[in-house]
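Chains, contacts and geometry: an overview
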Amino acid sequence: MRESWELYDELIEEIPNELMVDYFAIGLGWTQVWSGDQTGVAMTVKQSGPRLLSHGNYKGLPLKDVAALVKSWDFIEASVGAAALNCYYNTFHKVKAQGGFKGITLEDLTHKERVKKEAFIAFRKEITGKKVAIIGHFPHIEKELGPICDLSILERNPQKGDYPDTACEYILPEQDYLFITGMTLTNKTLPRLLALAKDNAKISIVGPSICLSPKLFQWGANNLSGFCVLERDLLNEVVLRGEKGTIFRSGVMVSIGGE
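Our subject in this report is the structure included herewith. (Residues numbered from 1 in each chain as written. Predicted model: local features only at pLDDT ≥ 70, side-chain atom pairs only at ≥ 80, totals over all residues. Heavy atoms only, no water.)

1. Considering the sheet that holds strand 2 (residues 30-35)
Worth spelling out the cut-off: By definition, two strands form a pair when at least two bridges between them are found by DSSP. Strands are runs of DSSP state E lasting at least two residues, helices are runs of H or I lasting at least four, and both sets are numbered from the N terminus onward. Fitting a line to C-alpha atoms yields each axis, with helices limited to the stretch in contact; the angle taken between N-to-C directions then spans 0 to 180 degrees.
Spatial ordering of the open sheet is given by 1-2-3, a layout of three strands whose pairing is antiparallel. Each edge of the open sheet is held by one strand with a lone partner, namely strand 1 (23-26) and strand 3 (38-43). Taking the axes of each pair of neighbouring strands and ignoring which way they run, one obtains an average angle of 10° across the sheet. As paired elements, strand 2 and strand 3 share six bridges and run antiparallel to each other.

2. Regarding helix 11 (residues 232-241)
The test is simple: Type-normalised accessible area, obtained with a 1.4 Å probe on protein chains alone, sets the label of each residue: buried when under 20%, exposed when over 50%, and partly exposed for intermediate values. An arc is given here, and it is the one of the directions from the helix axis to the C-beta atoms. When checking whether two residues touch, look at their non-hydrogen atoms; a contact exists if any pair is within 4.5 Å.
Those residues of helix 11 that sit buried are Leu235, Asn236, Val238 and Val239. On an axial view of helix 11, the arc spanned by its buried residues comes to 165°, and they lie on one face. Structural note: helix 11 exposes Asp233, Leu240 and Arg241 on the side pointing more than 90 degrees away from its buried face. Elements in contact with the buried residues of helix 11: strand 1, strand 2, strand 3 and strand 9 (223-229). Two residues or fewer after helix 11 comes Gly242, characterised by a positive phi angle close to 75°.

Written as structure tokens, this is what we have:
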């Protein structure tokens, strides 16, 4: 059995040592990290715990070292680490080389165009009539997908009709399709969730917090639906204002892997 930290170490190891953090900001909704012309963002997970660094100033540190903070049990610090990973992996050129911009016209990005690569939309026809589990309660998802599939939503802070996230041990092995929020990389549950899925289940990791690294395919993911920042000044406004949904004005959802 592979060790859970291996997933994190493999993602961190690829980052070149010479890249440095030029700017970072931790907002109420999102956290961002800049290195040169590269920009990464991840959702801010507001849960404190033991920190890996005694200070909170990451400017001037190697991007690789900051990305390693994704292993921190202080989830605010880990959010910085996740954003640093995305700063390396979720760049325009890397995503384009992996086919992430297929079918997207950058010159005419309406809001609908910005989110159309989201896995929930891409797999809508495919999941009809199937057993589907979603880790994380995405907005309006039960209304959109509930009528077309046997849907189970697992959530750390359950809403009406949700299962608690501890039900994953019992529910996930039965599913045909599994959609996992990218925040699970930050809160350290991703390796276990991937391991719980049955062998023939189709797994998508979804949301701006996930890094678009093909290494995750070796851990069982079939599709990665993440976020590529295209306008960092707009992103900076969103982060500093503590906004959430308006993040999509600053970039585009892109998908790599099987569709």
